[in-house]
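In case you want the letters, here they are:
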Amino acid sequence: MKIIVTGSSGQLGTALKFLSGIYAEYDWIFLSRNDLDITDSGKLDIFFSKTEMSDSVIINCAAYTDVEKAEDEKEKAYLINRDGARNLAVRSLASGFKLIHLSTDFVFSGMKGSPYIEDDIPEPVSVYGKSKYAGEQEILTIPDNCLVVRTSWLYSTTHNTFVRKIYSRLKAGKPFSVVLDETGSPTNVDDLASALIKIIEKIKSVKNFRTDILHFCNSGEVSRYYLAKKIAEYAGSGTSIQPILSDELNMKAERPHNSALDCERTVKEFGLGVRSWDKALKEAVDKING
Ligand SMILES: NC(=O)c1ccc[n+]([C@@H]2O[C@H](COP(=O)([O-])OP(=O)(O)OC[C@H]3O[C@@H](n4cnc5c(N)ncnc54)[C@H](OP(=O)(O)O)[C@@H]3O)[C@@H](O)[C@H]2O)c1
């Protein structure tokens, strides 16, 4: 069985590449943006005409993920996050492959007051969130064999995202501020990659399943400020971190104040193991520490 990963140079694509060595029974194909641009219908058609696609799963990791820049690059964000998703979804129906499409906690407004379940109605507050929600809706038009997997606050040791950025600032030694009024569920990308394999193992032999939305993140929730403090603790750093409110930062993109995800339904349905956010974080910081 083939597992095809689009957007393979990103955090999740890289984590899946690492796992592919362990799951060598699958025929893995990793496609970076240069190999296959999901917004290029012509290239997609050529690829799908040359590749036997029945008995294949595509994990779509390709996305426009710069939340702040998206406010100025709305068209580009929608082109990749909505139109790219649609391009894969319609071809899933035509070519008979299963599609796992990644989405985000940023489809929610953050006003619920408790973790979001799969059935909660999205109400995104940023261009990025809106473009990802539009992508979800494209996937959900296909009745069978597609899964939207929402995850949150994804970090890795390989790419310069929140955990690495905070680590670098701690090492620089100058006091800095981190937002207190944004709470979510940080997710170690290695845990998400393993969960996706488990999900594939469950769906691979099912001829037809109904298109659905799943949630996966590490368990528990924390504010960005306390997450940064935890990174400092695990890194053994004494650099001072001050709490700051999001309003004081004058960011272009509005972010949800509490976008923690409730993964209980997905975890039960697929028998997934879930580590707490702080345990998964410690492993990552230990790795960065060397
Ligand atoms: N990062 C987070 O905190 C977070 C949180 C929740 C959900 N998610 C979702 O999780 C998924 C994976 O995120 P990630 O952190 O791994 O993202 P990432 O590191 O930004 O990787 C995205 C990848 O997509 C590629 N890409 C962009 N446009 C493309 C196109 N038109 N065709 C093919 N590839 C394209 C990018 O290539 P270039 O590098 O060449 O641009 C990049 O390698 C995304 O759907 C994201 O929305 C992320």
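Everything discussed here concerns the structure shown above.
The notes below deal with the structure included here. (Residues numbered from 1 in each chain as written. Predicted model: local features only at pLDDT ≥ 70, side-chain atom pairs only at ≥ 80, totals over all residues. Heavy atoms only, no water.)

1. A short note on the sheet that holds strand S10 (residues 212-215)
Step number 1: What the six strands build is an open sheet, ordered S2-S1-S3-S4-S5-S10; its pairing is parallel. This sheet does not close on itself; its edge strands, each paired only once, are strand S2 (27-31) and S10. Taking the axes of each pair of neighbouring strands and ignoring which way they run, one obtains an average angle of 20° across the sheet.
Step number 2: Relative to strand S4 (residues 98-104), strand S3 (residues 56-60) is paired through four bridges, and the arrangement is parallel. When the bridges of S4 are listed, Ile-58 appears paired with Leu-99.
Step number 3: Set on the sheet, helix H7 (residues 189-203) makes contact with strand S1 (2-6), S2, S3, S4, strand S5 (146-151) and S10; between it and S4 the angle comes to about 150°. (Pairing = 2+ DSSP bridges. Helix = DSSP H or I, 4+ residues; strand = E, 2+ residues; numbered from the N terminus. Axes fitted to C-alpha atoms, helices over the stretch in contact; angles between N-to-C directions. Contact = heavy atoms within 4.5 Å.)

2. Notes on the pattern of salt bridges
Step number 1: In the structure shown here, the tally under the stated rule is 18 salt bridges.
Step number 2: Between Asp-83 and Arg-86 there is a salt bridge, with its nearest N and O atoms 3.4 Å apart. Of this pair, Asp-83 and Arg-86 are both found in helix H4 (residues 74-95), three residues apart, which corresponds to roughly one turn of the helix.
Step number 3: Residue classification places Asp-83 among the buried residues on the basis of a relative accessible area of 17%. (Salt bridge = Lys/Arg side-chain N within 4 Å of Asp/Glu carboxyl O. Buried < 20%, exposed > 50% of the residue type's maximum accessible area, 1.4 Å probe, protein only.)

3. Things to note about the pairing of S3
Step number 1: The buried fraction of S3 is high, at five of five residues.
Step number 2: The alternating pattern of S3 places Ser-56, Ile-58 and Asn-60 on one face and Val-57 and Ile-59 on the opposite face, and all of these are buried.
Step number 3: Strand direction decides the pairing type here: S1 and S3, joined by five bridges, are parallel. Paired with Val-5 across the two strands is Ile-59, which belongs to S3.

4. With respect to helix H2 (residues 41-50)
Step number 1: Buried within H2 are the following residues: Leu-44, Phe-47 and Phe-48. Take H2 and look down its axis: the buried residues cluster within an arc of 90°, on one side only. For H2, exposure combined with an orientation more than 90 degrees from the buried face picks out Ser-49 and Lys-50. (Arc of directions from axis to C-beta.)

5. A word on the packing of aromatic side chains
Step number 1: Taken as a whole and judged by the stated rule, the model has seven aromatic pairs.
Step number 2: When the centroid spacing of 6.5 Å and the interplanar angle of 85° are considered together, the rings of Tyr-26 and Trp-28 count as edge-to-face. Across the pair, exposure class does not vary: Tyr-26 and Trp-28 are buried alike.
Step number 3: Taken together, a centroid distance of 5.2 Å and an interplanar angle of 20° make the contact between Phe-48 and Phe-97 stacked. Taken together, the residues Phe-48 in helix H2 and Phe-97 in the loop between H4 and S4 connect sequence positions 49 residues apart.
Step number 4: In this structure, Lys-202 is placed above the aromatic ring of Phe-270, and the distance from its NZ or CZ to the ring centre is 5.8 Å.
Step number 5: Looking at Lys-282, its charged tip hangs above the ring of Tyr-234, at a distance of 5.8 Å from the centre. (Phe/Tyr/Trp six-rings, centres within 6.5 Å; stacked < 30°, edge-to-face > 60°. Lys NZ or Arg CZ within 6 Å of the ring centre and 35° of its normal.)

6. Points about the site of the ligand
Step number 1: Taken together, 24 residues lie around the ligand, and Arg-33, Asp-37, Thr-65, Tyr-128 and Lys-132 are the ones closest in.
Step number 2: Backbone polar atom of Leu-102 to an oxygen atom of the ligand: 3.3 Å apart, as the coordinates give it.
Step number 3: When the free accessible area of the ligand is taken as 900 Å², the share hidden by the protein chains comes to 82%.
Step number 4: Looking at the shell around the ligand, the elements that each hand over two or more residues are helix H1 (11-20), S4 and helix H5 (127-140).
Step number 5: Here the shell around the ligand takes three residues from S4, the largest share from any one element. (Near = heavy atom within 4 Å. Polar contact = N/O pair within 3.5 Å; in protein donor to acceptor, adjacent residues only side chain to side chain. Areas by Shrake-Rupley, 256 points an atom, 1.4 Å probe, with all protein chains shown as cover.)

7. A few points about the nonpolar core
Step number 1: If you look at the biggest cluster of nonpolar residues, it comprises 37 residues, and the most contacted ones within it are Leu-12, Leu-16, Ile-100 and Leu-196.
Step number 2: Every element with two or more residues in this core is listed here: S1, H1, S2, S3, S4, S5, H7 and helix H9 (264-270).
Step number 3: The dominant element in this core, judged by the number of residues it contributes, is H7, at nine residues.
Step number 4: In contact with Leu-196, not counting residues within four places along its chain, are Leu-12, Ile-59, Ile-100, Leu-102 and Val-149.
Step number 5: Core analysis: the next-biggest nonpolar cluster, separate from the first, contains 34 residues, Val-163, Ala-228, Ala-253 and Ala-280 among them. (Core = buried A, V, L, I, M, F, W, Y, C linked by side-chain atoms within 4.5 Å.)

8. Let's talk about the side chain of Asn-218
Step number 1: Here Asn-218 lies in the loop between S10 and strand S11 (222-223).
Step number 2: Separated by 2.8 Å, the side chain of Asn-218 and the backbone nitrogen of Asn-188 make a polar contact.
Step number 3: Reaching out from Asn-218, the side chain makes a polar contact with the side chain of Asp-191 at a distance of 2.9 Å.
Step number 4: Apart from residues lying up to four places away in sequence, Asn-218 is in contact with Tyr-155, Ser-185, Pro-186, Thr-187, Asn-188, Asp-191, Val-274, Arg-275, Ser-276, Trp-277 and Ala-280.

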